[in-house]
Amino acid sequence: MEQHSFGYWLRLKRKALDLTREALADRVGCSASTIRKIEAEERRPSAQIAERLAEIFRIPSDERAAFLHFARGDSGASPTNVKEDAAWRKSVVFTRSNLPAAATSLIGREQAIALVREYLLTPNIRLVTLIGPPGIGKTRLGLEATRQSFFDFPDGVFFVPLAPVENPASVASAIFQALGYVEARNQFTFEQLVQSIGDKQLLIMLDNLEHLIEDAAPLTSRLLSACPGLKILTTSRESLRVPGEWLYSVPMLDFPKETVSIDPADTLRFPALTLFAERAKAVIPGFSLNAENVSAVASICAQLEGVPLAIELIASRIRFLSPQALLQQLNEQFILSADGMRAVSARQKTLHDAIHWSYKLLSREEQELLMRLSVFRDGFTMDSAKAISADISTKRSVSDLIGSLFDKSLLQHSSDEYDLSRFNMLMMIREFALEELRKVGKEAFVRESHLAYFLNLAEQADQGIHGPDQLVWMERIERDYNNLQIALDRCVSDQHTEFGLRLLGALGWVWWVRGHYSEMRNWFDKIRTLPGIANHPARYAMVLNRVGAQNWNLGNNHEAQSILEESEAIWLSLGQKGELGLADCLNWLSMVAFEGDGDIVKAGSLVERSIALYQKHADSWGCAIAMLNAGYVGMGRNRSISPLFWFEQSLNLFEKIGDVWGKSQVYQCMGRVYLDQGNYEKARFYIEQQMTIDESLRFISGIIYGLSDLGHLAFFQGNADQGLEYYQRSLQICHQYGLEPDRAVLFFISMVYLHQNNFLAASRHFTDLYKRHVEAKDKKRDVLNLLSGLTAVAGGIKQFERAARLSGTAQAILNETGYKYPPFFRAVFDRHIQNARKQLGEVKFDDLAAEGRAMTMEQAIAYALENSDE
């Protein structure tokens, strides 16, 4: 056999793998110039490079020593027992192939290529099918995996494009021709194919056979049975479903889930961004991801859901639009109609064409169902799919049709820890199907079915949320958050007043727990303007109850009172029929009176009326929540009945019902009682019990308050730094959900800074706390906090005369309100005030304090705020 130099051998092998010198150098770990010199015989590879080349070209282990001698130029030392036909000795005889050369780089598929190649090289795996939706890159992945397997199949590696083949009977001929054989007229093509392949070690890639699958599947199975050395890699929208088939579902490219604050340095971790930048660079030389455009590009890739074809088509538009402008224009129609390259097949020119290729292969029943499923957002369950398809005339069940669409890669499936099984559809497929639905004039009808289903689901959840299946119901409603938004929008756009009131009323509790406060209020503002509200007084009043309660929870006491008083008037007008709704309304009015007006007597009277009405109607859950609030009010009343009495009764009822959310609220209040009593061991037990439940429920308000209480506990036990960490986590969640921070948290943070002698931060926080609540009805409490805090700050920064005057103003309000700070707080204040008294002397301090007491409240506030930020 003719022998050639190692450099010549290396050059031919590199080209056979369609590798540039740079690409091979990158795999070896050397420079491209080193590869050039080795190929030109200007230098020999080092032992390390030779070893790496042996790994890359898969030199058999029993031939490695001889190969290394060959590479290093010591041919005389080669072992004599090496086969003459060893792969590395075949310098001129190469594997037959018709693989097309790659025109562009394949990005982000390294792991996929490695896994597919592992399948192909496993002896007992003969058939591998790459499946996935349109545009996911099955062909590109298959070609690259096949190309990298070039030397593993000595008798040939072949590519058979089946997209142009329309006649299923022509599949065997297409394979025969791709292998370079000439058909004989007097023999069946399949028999010729089997005879020609025989026991050769071949790899054949059958590309895009979904439209021929009914005939291609048995043909493939027969070929594999007849030809023991043959392996087949196929790409299809669905599996062949033949014995021995191994499936690989081609995934979307990774993209950032959080697109606002992404660091340009992290973009290499996201292949979707890398692909976009690479294709954009092809039309705008020098394009790169930077701080100005990376957020927009990440948002584009997120909207395109990491589908490679979509990213490539949209990235080409960067020639005319900046990433920011492109993002603004990026609606569904723009994405579907984006043109591809002229040289590609018709079905790849646009995403619309790519999806239509799959759509036209569906049966009439499958097409009908796919169109209807397009009205869902962020997925659907089997039950919801059946609800909108009940009138379809079909011999197959909806479950079977869903399974078929899933098998054809037009749907994705997922499930979670609650065994909530869901299906989803890529945005581009959903928009295509929605266009088809509109063409046949059925969109309005299907959306009415969609609304009816989710109204029923929400009302079931509203009943089930207060029992043992609470968490499952919450998750079901949360999973369908966007579907419920669509249903509400349908109510508003079609002026379905009653449906809108029913749906929003049913969502009130779940959306409170999950922190959808702004959504509740936004939909309330829209629905309350619909015609005929007065025709549904009870439903409207129930929505008022839910919105009023949420406003109280958010600290909007003035607005909560207005809404709840409107509700109260409606319930009273309904007489006995409105008593349960009235009980709910009075329950939340008691909270407004307690926290908004500071009227403890009124609050106690309202909640006791609420309990009486709930007991009259034997409503256990209503009694439980009202008793919880009675205990809450009792924490601020000097009464013989301890708040723990109410809490324990409430807890017993919640336990009987199976309402863990209610239990967490009781635990929270009991933790605060023991915290106030200084029983820190019991306080920690109840606070941690509450946090465990609320974190499992993802009850946003509960988590915020629980973190605050843990901060209080740490602060009272002398760990101010840990307390501050809890407070800051609480504030972070408030900011995340657009909530007003609890004033108690802000006050405690101010006290932490004061305790730490961080006077500048303390001054700013006391001032901010006052300004946030300047319009509050219990203004004197906030004024007192401002004056007391800034008194201590003045003493700490040696403004002793200012401290004395502010001390007088604060003492005047303390005397008027009768409020007493907890001992720990009083000690923090007194430490700095006593310092001022010591420096000024008793007489001068008292004289200045008298000046402060003589100020009006407005004068005192103005004096306190002078230079408070300095």
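Keep in mind that what you see is a predicted model, and the values were worked out from it rather than measured.

**Things to note about the packing of aromatic side chains**
At step 1: Under the criterion given, the structure shown has 34 aromatic pairs.
At step 2: Both rings, one in Phe6 and one in Trp9, keep their centres 5.6 Å apart while their planes meet at 25°; by these two values the pair is stacked. Of the two residues, Phe6 and Trp9 are both situated in helix H1 (residues 6-16); the distance of three residues between them amounts to about one turn of the helix.
At step 3: We note Arg222 situated over the ring of Phe190; from NZ or CZ to the ring centre the distance is 3.9 Å.

**Some points on the pattern of salt bridges**
If charged atoms from side chains of opposite charge come close, those side chains can pair.
At step 1: Within this structure, the stated rule accounts for 36 salt bridges.
At step 2: Arg147 serves as the salt-bridge partner of Glu144, at 2.9 Å between the closest nitrogen and oxygen. With Glu144 and Arg147 both in helix H7 (residues 138-147) and three residues apart, this pair spans about one turn of that helix. With respect to burial, Glu144 and Arg147 carry one shared label: buried.
At step 3: In this structure, Arg396 and Glu366 form a salt bridge, with 3.5 Å as the shortest nitrogen-oxygen distance.

**Looking at unusual backbone geometry**
At step 1: Notably, Asp378 is not glycine yet its phi reads approximately 60°, a positive angle.
At step 2: Along the chain, the position of Asp378 falls in the loop between helix H17 (364-373) and helix H18 (382-387).
At step 3: Since its relative accessible area comes to 44%, Asp378 is described here as partly exposed.
At step 4: Positive phi, close to 60°, is recorded for Asn757, a residue that is not glycine.
At step 5: When its relative accessible area of 39% is taken as the criterion, Asn757 is described as partly exposed.

**Quick notes on the nonpolar core**
At step 1: The biggest cluster of nonpolar side chains holds 215 residues, and the ones touching the most others in it are Phe276, Leu373, Trp511 and Leu754.
At step 2: Discounting residues that sit within four places of it in the chain, Leu754 has contacts with Phe759, Ala762, Phe766, Ala792, Val793, Val828, Phe829, Arg831 and His832.
At step 3: Counting residues in each nonpolar core, the second largest holds 32 residues, with Ile175, Phe176, Leu209 and Val242 among its members.

**Details of the pairing of strand S3 (residues 202-207)**
At step 1: Burial runs high along S3: six of the six residues are buried.
At step 2: Residue alternation in S3 divides its side chains into two sets, Leu202, Ile204 and Leu206 and Leu203, Met205 and Asp207, and both sets are buried.

**Observations regarding the side chain of Arg447**
At step 1: Looking at the element boundaries, Arg447 is found in helix H21 (residues 443-464).
At step 2: For Arg447, a relative accessible area of 15% translates into the label buried.
At step 3: For Arg447, the contacting residues outside a window of four places in its chain are Val375, Leu434, Ile486 and Arg490.

**Here's the deal with the packing of helix H35 (residues 720-736) against helix H36 (residues 743-755)**
At step 1: Interaxial distance between H35 and H36 falls to 10 Å at its minimum, and their mutual angle equals 150°. Between H35 and H36, the interaxial angle falls into the category roughly antiparallel. Here H35 and H36 pass one another in a crossing that is left-handed. From H35, Ala720, Leu724, Tyr727, Gln728, Ser730 and Leu731 reach across to H36, where they touch Val745, Leu746, Phe748, Ile749, Val752, Tyr753 and His755.

**What to know about the confidence of the model for the protein chain**
At step 1: In the predicted model, the protein chain carries a mean pLDDT of 87, and 92% of its residues have values of at least 70.
At step 2: Predicted confidence in the protein chain is weakest over helix H15 (residues 332-337), with a mean pLDDT of 77, and strongest over strand S1 (residues 127-131), with 97.
At step 3: Here residues 75-84 is modelled with pLDDT under 50, and outside its nearest four sequence neighbours on either side it reaches 15 contacts, counting other chains as well.

**Here's the deal with the packing of H21 against helix H22 (residues 470-479)**
At step 1: Following both chains from N to C, one finds H21 and H22 inclined at 155°, their axes separated by 9 Å at the closest point. With respect to their mutual orientation, H21 and H22 come out roughly antiparallel. The two elements H21 and H22 cross, and the hand of that crossing is left-handed. Contact residues: Tyr453, Leu457, Ala458, Gln460, Ala461 and Gly464 in H21; Gln470, Trp473, Arg476 and Ile477 in H22.

**Describing the state of the cysteines**
In a disulfide, the sulfur atoms of two cysteines are covalently bonded to one another.
At step 1: Taken as a whole and judged by the stated rule, the model has zero disulfides.
At step 2: With no disulfide of its own, Cys734 has Cys669 as its nearest cysteine by sulfur position, at a separation of 18 Å.
At step 3: Overall, Cys734 belongs to the buried group, its relative accessible area being 2%.

What counts as what
Residues numbered from 1 in each chain as written. Predicted model: local features only at pLDDT ≥ 70, side-chain atom pairs only at ≥ 80, totals over all residues. Heavy atoms only, no water. Phe/Tyr/Trp six-rings, centres within 6.5 Å; stacked < 30°, edge-to-face > 60°. Helix = DSSP H or I, 4+ residues; strand = E, 2+ residues; numbered from the N terminus. Lys NZ or Arg CZ within 6 Å of the ring centre and 35° of its normal. Salt bridge = Lys/Arg side-chain N within 4 Å of Asp/Glu carboxyl O. Buried < 20%, exposed > 50% of the residue type's maximum accessible area, 1.4 Å probe, protein only. Core = buried A, V, L, I, M, F, W, Y, C linked by side-chain atoms within 4.5 Å. Contact = heavy atoms within 4.5 Å. Axes fitted to C-alpha atoms, helices over the stretch in contact; angles between N-to-C directions. Parallel < 35°, antiparallel > 145°, perpendicular 65-115°, else oblique. Left-handed = near helix turned anticlockwise from the far one by under 90°. pLDDT = per-residue confidence, 0-100. Disulfide = S-S within 2.5 Å.

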